[in-house]
Amino acid sequence: MSVSAARVALQIFLLTFAVLNVSGVQKLTITPDRGTIFNISNSRVKGSTCTVCSGTGGSQQCFPSIQLTDSGAVSLEFKCPRPQDVFSVEIVQSIDCTTKSCNGDIIQTESGSLPLKDFNRIFTWNLKASAPQAFQIDFTKTGLRQINLSESCPDKHTYSLWALQASGEVAIGTYCRTGTISSAQVLNHGRFSLDVPAKQNLQNSRFDVSVGEEIKSLAKMKLILPEGTSSSELLSPNYPDSFPDDDLMEWEFQVPAKHNTAVQFLKHTLPRCLKKRTAVEYYSKGRGASVLRLTDSQPAQVMGNFSLTLKNCEMDRRRADSPGLSLNFKVSAARTSSPVLCRVDLKKEKGLSLYIEKMRPGSDCEMKMNSATQDKIALPSDSVSQLSFQDCLPEDVQVIGRRVIECQKLKDCPKAPVLAVPALPSCLPAPLSSVTWTLRPPPHGTVELRYPSGTLKQSLPGQPCNDSIILKVAEGDGTAFGHFCPQGAIQKVQIHTNVSVTASSVGNKALRPQPVLSASLREEIRENYIFSVSPKKGVPVCLATPGWPAGMKSYSTVSWIVSVPDKMEAHLMFPSRNQPKCSNRHTNIRVQTLGSQEEMYSRREDEGADDEIIVSKSFYLNMSNCMPESGNFSVITKITLQKNKNLMLTIILSVVAALLAIFLIVLGVVCVVIRKKKKKLNHQVSIYNPNGTSFLPGHNGFPKSREDNESHVYASIEDTLVYTHLLRRGEEMGVYGEVDTYRSFTGPTEPHKPPVSMGAGADDLAVGVYQPFVPLSQQAPPVPNRPPSQGQSMVDNEVYHTEVQSEEEYCPDVTGSSALGQRMEPEGGD
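Let us look at the structure shown here. The shown structure was predicted, so the numbers you read here are calculated from the model rather than taken from an experiment.

1. Some details on the packing of aromatic side chains
Tallying each qualifying case throughout the model produces 17 aromatic pairs. Seen in terms of ring centroids, tyrosine 159 and phenylalanine 207 are 5.7 Å apart; in terms of plane orientation they differ by 75°. Their pairing is edge-to-face. One end of the pair, tyrosine 159, is in strand β12 (residues 158-165); the other, phenylalanine 207, is in strand β16 (residues 205-211), with 48 residues separating them in the sequence. Tyrosine 159 sits in the buried class, given a relative accessible area of 0%. Taking the centre distance of 5.7 Å and the plane angle of 10° together, the rings of phenylalanine 481 and phenylalanine 531 count as stacked. Of this pair, phenylalanine 481 sits in strand β40 (residues 480-486) while phenylalanine 531 sits in strand β44 (residues 529-533), and the two are 50 residues apart along the sequence.

2. Regarding the nonpolar core
The nonpolar side chains of a soluble globular protein tend to be buried, and buried together. By size, the foremost hydrophobic cluster in this structure holds 74 residues, and its most contacted members are Ile356, Leu387, Phe531 and Phe619. Excluding anything up to four places from it in sequence, isoleucine 356 contacts Met367, Asp375, Lys376, Ile377, Leu379, Leu387, Phe389, Val397, Gln398, Val399 and Leu428. Counting residues in each nonpolar core, the second largest holds 70 residues, with Trp125, Leu127, Leu144 and Met221 among its members.

3. Details of the sheet that holds strand β47 (residues 568-578)
The strand order across the open sheet formed by four strands is β45-β54-β47-β51, and the pairing between neighbours is antiparallel. Edge positions in the open sheet fall to β45 (541-544) and β51 (613-615), since each of these has one partner strand only. Sheet twist, expressed as the mean angle between neighbouring strand axes with direction ignored, is 25°.

4. What about the pattern of salt bridges?
Evaluation of the coordinates by the stated rule reveals 28 salt bridges. The shortest N-O distance in the salt bridge between lysine 376 and glutamate 357 comes to 4.0 Å. Linking lysine 376 in strand β32 (residues 376-379) with glutamate 357 in strand β29 (residues 352-358), this pair joins segments that are 19 residues apart in sequence. You can call glutamate 357 partly exposed: its relative accessible area is 28%. The salt bridge partner of arginine 590 is glutamate 599, with a shortest N-O separation of 3.6 Å. The class for arginine 590 is partly exposed, based on a relative accessible area of 22%.

5. Re the state of the cysteines
For the structure on display, the rule yields 10 disulfides. Each disulfide pairs two cysteine sulfurs, and for cysteine 582 the partner residue is cysteine 626, the sulfurs being separated by 2.0 Å. In this structure, the disulfide formed by cysteine 582 and cysteine 626 twists by about -80° around the S-S bond and is classed as left-handed. Linking cysteine 582 in strand β48 (residues 581-584) with cysteine 626 in the loop between β52 (619-624) and β53 (627-630), this pair joins segments that are 44 residues apart in sequence. One exposure class covers both cysteine 582 and cysteine 626, and it is buried.

6. So, the sheet that holds strand β27 (residues 326-335)
Strand order across the open sheet formed by four strands is β18-β27-β20-β24, with antiparallel pairing between neighbours. Unpaired on one side and paired on the other, β18 (230-235) and β24 (302-303) mark the two borders of the sheet.

7. Comments concerning the environment of phenylalanine 87
As for its placement among the helices and strands, phenylalanine 87 is situated in the loop between β6 (74-78) and β7 (88-96). Of the residues examined, phenylalanine 87 reaches a relative accessible area of 0% and is grouped as buried. Taking the C-alpha atoms as reference points, phenylalanine 87 and isoleucine 40, 47 residues apart in sequence, are found 6.5 Å from one another.

8. Points about the side chain of serine 518
Positionally, serine 518 belongs in strand β43 (residues 515-522). Looking at serine 518, the relative accessible area reads 17%, which means it is buried. When sequence neighbours within four positions are dropped, the list of residues in contact with serine 518 reads Pro417, Val418, Glu448, Leu449, Arg450 and Pro452.

9. Some thoughts on the environment of cysteine 62
Here cysteine 62 shows up in strand β4 (residues 61-63). Under the relative-accessibility criterion, cysteine 62 is labelled partly exposed at 37%. Leaving out residues up to four positions away in the same chain, cysteine 62 has contacts with Thr51, Val52, Cys53 and Lys79.

10. Topic: a nonpolar patch on the surface
Judged by side-chain polarity, Val655, Leu659, Ile662, Val666 and Val670 come together as a nonpolar surface patch covering roughly 430 Å² of accessible area. Here leucine 659 is to be found in helix α2 (residues 645-681).

11. Topic: the pairing of strand β2 (residues 37-41)
By the alternation rule, side chains of β2 split into Phe38 and Ile40, which are all buried, and Ile37, Asn39 and Ser41, of which none is buried. The pairing of β2 with β7 spans five bridges and is antiparallel. Residue phenylalanine 38 lies in a different strand from β7, and its bridge partner there is isoleucine 91. As paired strands, β2 and strand β5 (residues 65-68) are joined by four bridges and run antiparallel to one another. Bridging across to β5, serine 41 finds its partner in serine 65.

Calculation rules
Residues numbered from 1 in each chain as written. Predicted model: local features only at pLDDT ≥ 70, side-chain atom pairs only at ≥ 80, totals over all residues. Heavy atoms only, no water. Phe/Tyr/Trp six-rings, centres within 6.5 Å; stacked < 30°, edge-to-face > 60°. Helix = DSSP H or I, 4+ residues; strand = E, 2+ residues; numbered from the N terminus. Buried < 20%, exposed > 50% of the residue type's maximum accessible area, 1.4 Å probe, protein only. Core = buried A, V, L, I, M, F, W, Y, C linked by side-chain atoms within 4.5 Å. Contact = heavy atoms within 4.5 Å. Pairing = 2+ DSSP bridges. Axes fitted to C-alpha atoms, helices over the stretch in contact; angles between N-to-C directions. Salt bridge = Lys/Arg side-chain N within 4 Å of Asp/Glu carboxyl O. Disulfide = S-S within 2.5 Å. Patch = residues over 30% accessible without salt bridge, like charges linked within 9 Å, V, L, I, M, F, W, Y side chains within 5 Å. Areas by Shrake-Rupley, 256 points an atom, 1.4 Å probe, with all protein chains shown as cover.

Right, here's the structure in full:
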């Protein structure tokens, strides 16, 4: 279609729109592009009754808002004269990224929104990255400039960037076209939008979307500063409201060569922190990282590229006087045309010397000392020097520090000097890259090294140093001893020779001022090297011989004194063991517990080593080298603390024994209780007395008379003591009267004890008459002599009883049978 034809079509559309508008009803036809969603809502005027309708005739439906998708052309009818004053329009598209690519870019086109030109329009792109990577929007072609919410853009095109978090949306910032911001990276999900006012033509543009880095901050903005003098004003996310809790925001600045940059905080608010602290971290290649508070003076002369990271704490938002964290700052850059003067005073750092060297001969860096240009500058200890640097970047210069600690007699040696990284003036173009301490004890003396606030760890394969500092220890002749860093199991190291310790940073981090070691010059030790080690439970500790992997010196010895806590045992393994071919003596690996004269383990170079050694006490691990003919002696020992298995077995057996003893005690108590109950339930042996008085065998004295006792009172009658059939038999024999008839007692009632015949025994019993067996322990006393009228033989009566078992024989019947045992049936009974 030609340009004239397009103009004609537009004029026809506007004419139709004007005709429809006369009646107070506007009709529009919208055709969304593929993958585009239109949201039309009357959110601009509260309480408005204006609606938007879709459909025709009887199927027409009207709503306060409507959503259109890419389903083809849709006719809309607005039921009010000026819907553009009531309704707002949002055109939404989505872009998804994998770990390798994204399925679209941000392209500014009408997307079928031309009929809605008279409405305020918001073009929104929802972006989603594939964790843990961010998505990146490239603004290099036009650049963006951050503005405050109260500002507006000259071309009336206002951009906004949002980060979507689990806690809600975070406004990264609002921007206009043409600026120093070249790209933005947002973690996980985000939203980028463009606001265009009514009747404003949309400017076509394109921003490429790609897969970003694995960032740890909420977002990362990159700025490219132009040559010459420039300044960029930036705001923290959610400004002027608070930056999110415990989060990070990063800005990266690309600075032209031979330019200085200054950072100035224009306005900021600080929160009340519950955990951590707010901070600003600066990082540059060659200089490393430096952390400042927001109230500190910020860098005024930064050479080269750098980044600025804003860190928030966990804020206390319950208090009204805690406004949160917000920051408004400005970054200014200018060309350097004059040298930077630097005064270095080493009197504050006793014994420290500095060496500054130009590393890139072809660079424009110019160093001067006392107005003389030099490529290498040496500053002696206790000196004050005036230096100047012009066009020197951090990567152009290397700064090294050195210090010597020595004494001739032990009494003259400094007491535990602290080896600390010194603080140097910030006017130097580069930070301290390394510092070396040389320790010289008296003849036959020893150097003892400790970490001031903890323990040391040896840097080995599988046990790397993750801290910001690494310590290289070497002997006086330059032979490497080992590399160490903080947080390990080594409490101290003793070396019987001169020692040099070099501290350097790990990676590109800055070597910040801090104490790294405490050193002592002490008396002679028997070994060449001694380590004191305190492993932790379940944390394997790897220890290497001095000089690993090159090997130990000939005839040298090393010992590790390993502390093993009570109830623990150490498991020793040798994952790496190189043995030489010896021309004189032998190498030896020995293990011996402290206080013992016997070695529990010993191996030479021509003997195989055990796979594992278990030691349940603190011990010595000693290794000695021979005079190698070929090869070298180097060993890595792995020590792991575990709970003592023998102790666990002892504890288990003790617990089992205690439980068994408790069970036996409970069992005995139960037996005694049941035995007592059984005695109460046992059938008592009674003896019939024709005089009418009965008494129990074994009781002292005669029974009480009827007036004195309670024999006629029955609280209860035991079924097993009621034998009615015997009473009936006695009635038939004439011994008893009628059964169940009360008869008055006619027997003697004297309380005196009746005479007892001592001669009555087994010989007096009638022969051929049944006599129930009574154990000796329960036999009744002899029957007293009575008159013939009362001499009815005792054998005419049948006596019932139960056997009483001894306490040793008795135990609870687990089958549930009666504790009384089996009842005896009388002979000849019914």
